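Chains, contacts and geometry: an overview
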Amino acid sequence: MNHETEKKNKVISVMIPTYNEEENARPIYEAVRDELQKSCPNYDYEILFIDNKSTDGTRRILEEICAADKNVKAIFNSKNFGQFNSPYYGLIHTSGDCTISICADFQDPVELIPRFVAEWEKGYKIVIGRKTQSQENKLVYFLRGCYYKIIRKMSSVEMIEQFTGFGLYDRSFIQTLRDLHDPTPFIRGIVAELGPERKEIEYEQPRRRAGKTHNNWYSLFDAAMLSFTSYTKVGMRVAEFFGFGVAFISFLLGMFFLIAKLVAWDSFAAGYAPTMIAVFFMGGVQLAFLGFLGEYIMAMNTRIMNRPLVVEEKRLNFPKEE
């Protein structure tokens, strides 16, 4: 007896992190849904929102969307777990054959979804979007470019310039992310370090559709320090070499003052100026590099504690066994 088995469609997961995105939550859902239905009609899909403890009306809107569309899932975090942990947690809780990570503010073009899927079907396990231009603040874009160039030169791991995490990841790479158990995940570095051969698609980043960006100078500095402490030894190496250099210069200056005093004992009066300059200079150097050392220690401490990425408050439209 011949039994015909119905061939199941592949499933595309789209993960969208949110934090105070009440003006964008419904429009991004509709844009992603319409793009998938129009450009990828032969695929099933799920859309997963992970909300990082929004304080506006975002959660109410997501609840309404989930009630109306069972293809949409949502995870509500019990508090704000930061800009890295929440999207990473969302990625590892998707169930599709591939997962697309996209921001809710429309700075990641929805129109690239079919291009990502087409390259994935050609065999690429990772397909990422890389910015070549941006309509964001010119100074921020310039400084971000300088940061990427510095990291690429200092790290033994290849860093992807102007990559924010926007892209498609095959199910096999999502499983790699699940197996890492990294309490401080930096997805941009992980893709560069552990990802298989990838395809890069260039795009111009538009402005936010609505709302205010949540990336302030502190969050950008936090991202920079996480990449420095995770993928470079430059902080400790600079401290080490600079320490040797200062010690050598201090030795030469000490010998100079000793010889000058011995040669002209009565007429040479160095005074307090060299001593005060040396004290304040060395104090400043020590404080600066103690700060660098503290960044490395904090990163190690977080990993040793092995706390969960996020703590969920509730989830919507997930099967009960999940």
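The structure contained in this document is the topic of the report that follows. (Residues numbered from 1 in each chain as written. Predicted model: local features only at pLDDT ≥ 70, side-chain atom pairs only at ≥ 80, totals over all residues. Heavy atoms only, no water.)

**Observations concerning the overall build of the protein chain**
Looking only at helices and strands, one finds ten helices and eight strands in the protein chain. Among the 322 residues that make up the protein chain, the fraction classed as buried is 43%. Across the protein chain, contacts joining residues at least 24 apart in sequence account for 84% of those joining residues at least 6 apart. When the accessible area of the protein chain is evaluated, it comes to approximately 18,200 Å², of which 58% is carbon and sulfur surface. (Helix = DSSP H or I, 4+ residues; strand = E, 2+ residues; numbered from the N terminus. Buried < 20%, exposed > 50% of the residue type's maximum accessible area, 1.4 Å probe, protein only. Contact = heavy atoms within 4.5 Å. Areas by Shrake-Rupley, 256 points an atom, 1.4 Å probe, with all protein chains shown as cover.)

**A short note on helix H2 (residues 58–68)**
Within H2, burial applies to Thr 58, Arg 59, Ile 61, Leu 62, Ile 65 and Cys 66. Buried positions in H2, seen along its axis, are confined to an arc of 160° and lie on one side of it. Opposite its buried face, H2 presents the exposed residues Ala 67 and Ala 68, each directed more than 90 degrees away. Next to the buried residues of H2 lie strand E1 (11–18), helix H1 (25–39), strand E2 (44–51), strand E3 (72–77) and strand E8 (312–316). (Arc of directions from axis to C-beta.)

**Re the packing of helix H3 (residues 82–92) against helix H6 (residues 171–180)**
For the pair H3 and H6, the least separation of the axes is 9 Å and the interaxial angle reads 120°. Here H3 is positioned oblique relative to H6, judged by the angle of their axes. Where H3 crosses over H6, the handedness of that crossing is left-handed. Facing H3, whose interface residues are Tyr 88, Leu 91 and Ile 92, H6 presents Ile 174, Leu 177, Arg 178 and Leu 180. Here the residues of the contact of H3 with H6 sort into six nonpolar, no polar and one charged. (Axes fitted to C-alpha atoms, helices over the stretch in contact; angles between N-to-C directions. Parallel < 35°, antiparallel > 145°, perpendicular 65-115°, else oblique. Left-handed = near helix turned anticlockwise from the far one by under 90°. Nonpolar A, V, L, I, M, F, W, Y, C, P; charged D, E, K, R; others polar.)

**Regarding the nonpolar core**
Ranked by internal contacts, the top residues of the largest apolar core, which has 37 residues, are Ile 12, Ile 16, Val 32, Phe 49 and Val 117. Those elements that provide at least two residues to this core are E1, H1, E2, H2, E3, strand E4 (98–101), helix H4 (113–121) and strand E7 (198–205). Among the elements that take part in this core, H1 stands out by supplying five residues, more than any other. Counting 23 residues, the second-largest nonpolar core is a separate cluster that includes Ile 50, Tyr 89, Leu 91 and Val 310. (Core = buried A, V, L, I, M, F, W, Y, C linked by side-chain atoms within 4.5 Å.)

**Describing the pairing of E4**
Residues Cys 98 and Ile 100 line one face of E4 and the alternating positions Thr 99 and Ser 101 line the opposite face, and both faces are buried. As paired strands, E1 and E4 are joined by four bridges and run parallel to one another. Across the sheet, the residue bridging to Val 14 is Ile 100, located in E4. Across four bridges, the pairing between E4 and strand E6 (residues 167–170) is antiparallel. What sits directly across from Thr 99, in E6, is Tyr 169. (Pairing = 2+ DSSP bridges.)

**Quick notes on the environment of Arg 26**
Assignment of secondary structure puts Arg 26 in helix H1. Taking the relative accessible area as the measure of exposure, Arg 26 reaches 31% and is therefore partly exposed. Here Arg 26 is in contact with Ile 61, Glu 64 and Ile 65, once residues within four sequence places are set aside.

**Digging into the environment of Ile 113**
Residue placement: Ile 113 occurs in helix H4. When near neighbours in sequence (up to four residues on either side) are disregarded, Ile 113 contacts Val 32, Glu 35, Leu 36 and Ile 100.

**Focus on the pattern of salt bridges**
Using the criterion set out here, one finds 16 salt bridges in the structure. In this structure, the salt-bridge partner of Lys 10 is Glu 121, at a minimum N-O distance of 3.0 Å. Of this pair, Lys 10 sits in the segment before E1 while Glu 121 is found in helix H4, placing the two residues 111 residues apart along the sequence. Note on Lys 10: relative accessible area 38%, which makes it partly exposed. Here Arg 59 ties to Asp 51 by a salt bridge, and the two come within 2.6 Å at their closest N and O atoms. (Salt bridge = Lys/Arg side-chain N within 4 Å of Asp/Glu carboxyl O.)

**Here we look at the side chain of Glu 35**
Within the secondary structure layout, Glu 35 lies in helix H1. A polar contact of 2.6 Å, which involves the side chain of Glu 35, links it to the side chain of Ser 39. Ignoring sequence-local partners within four residues, the contact set of Glu 35 consists of Cys 40, Val 110, Glu 111, Ile 113 and Pro 114. (Polar contact = N/O pair within 3.5 Å; in protein donor to acceptor, adjacent residues only side chain to side chain.)

**A closer look at the packing of aromatic side chains**
Aromatic ring pairs: the centre-centre distance and the angle between the two ring planes describe each pair. Scanning all chains against the criterion turns up four aromatic pairs. The interplanar angle of 75° and the centroid separation of 5.6 Å between the aromatic rings of Phe 84 and Phe 186 together place this pair among those described as edge-to-face. Placement of the pair is Phe 84 in helix H3 and Phe 186 in the loop between H6 and helix H7 (187–194), with a sequence separation of 102 residues. Here the two residues Phe 84 and Phe 186 agree in accessibility, since each one is buried. (Phe/Tyr/Trp six-rings, centres within 6.5 Å; stacked < 30°, edge-to-face > 60°.)

All we've got here are geometric facts, nothing functional implied.
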